[in-house]
Amino acid sequence: MTLAQQTSLTPIQKRHNRKNFDCGYADLNKFLAHSARASSDKRITRTFVMEAPFDPNAITAYMTLTYTTVDLPVECNPARKLKNPVPALLLAKMAVDNRYKGSSYGKRLLTFAIKEASETSKRVGGVGLVIDAKDNDAKAFYLSRGGDDFEIIDQSGLKLWLPIDICDAIAQTLGDS
């Protein structure tokens, strides 16, 4: 069992030590420390944290999900059949503490987001998972895991879309893992 598999993924709670988290990006650290729990409590977003294997109050990584609407470019095949804007699950923020980079935590969070997009779409609708990549390094991370399945859907090149049929196929392949 890998270290990433030994960690627990849970909604953010008051007991989580948010101030010791450092991913190397001040804005992501600040969001986690000062806004993530309040935003979750108000049902604006949902932040999930990975708890350290031996300290459930310590955060090794986190991600924030919410719903959004997007305009899919006409080059995207589903956009030809749908009227913009379309609903989708948004992976708004994702970060791994510097001490845990390279431990597959980012991959596990992305997998959870994809499965959540599939499940949420079945319950309330949605055409896929949209990711706001922070920068080109983050974009490279996502593309290295999703390859040609991700489509770039904005001028900046940092907004990515994974169609719901791909999310469903990934979720089905992974089952409850």
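Per chain, the residues get numbers from 1 upward, laid out in the order the sequence is written. The model is predicted, so local features are restricted to residues of pLDDT at least 70 and side-chain atom pairs to those at 80 or more, both for listing and for counting; the totals for chains, interfaces and linings are taken over all residues. Values reported for side chains reflect all heavy atoms of the structure, with hydrogen atoms and water molecules removed beforehand.

Draft legend 1. Layout of helix H5 (residues 136-146). Listed as buried for H5 are Ala 138, Lys 139, Tyr 142 and Gly 146. Take H5 and look down its axis: the buried residues cluster within an arc of 100°, on one side only. Looking at H5, the residues exposed on the side facing more than 90 degrees away from the buried face are Asn 136, Asp 137 and Ser 144. Those residues of H5 that are buried are in contact with strand E4 (86-96), helix H4 (105-124), strand E5 (128-132), strand E6 (151-152) and strand E7 (159-163). With a side-chain oxygen lying 3.1 Å from the backbone nitrogen of Asp 137, the N-terminal cap of H5 falls on Asp 135. Helix and strand definitions here come from DSSP, where helices need a minimum of 4 consecutive H or I residues and strands a minimum of 2 consecutive E residues; each element is numbered from the N-terminal end. Trailing H5 by a residue or two, Gly 147 shows a phi angle of about 50°, which is positive. A 1.4 Å probe rolled over the protein chains alone gives each residue an accessible area, and that area as a share of the maximum for its type sets the label: buried under 20%, exposed over 50%, partly exposed in between. Along the arc lie the directions from the helix axis toward the C-beta atoms. In this description, contact between two residues means that some pair of their heavy atoms is separated by no more than 4.5 Å. What qualifies as a polar contact is a pair of N or O atoms within 3.5 Å, subject to a donor-acceptor requirement within protein and to the restriction that residues adjacent in sequence count only when both atoms come from side chains.

Draft legend 2. Layout of unusual backbone geometry. Following Asn 84, the chain continues into Pro 85 via a peptide bond in cis, with omega recorded as -5°. Relative to the assigned elements, Pro 85 resides in the loop between strand E3 (55-70) and E4. Phi is positive for Ser 104, close to 70°, though the residue is something other than glycine. Relative to the elements of secondary structure, Ser 104 occurs in the loop between E4 and H4.

What is shown is where atoms sit, not what they do.
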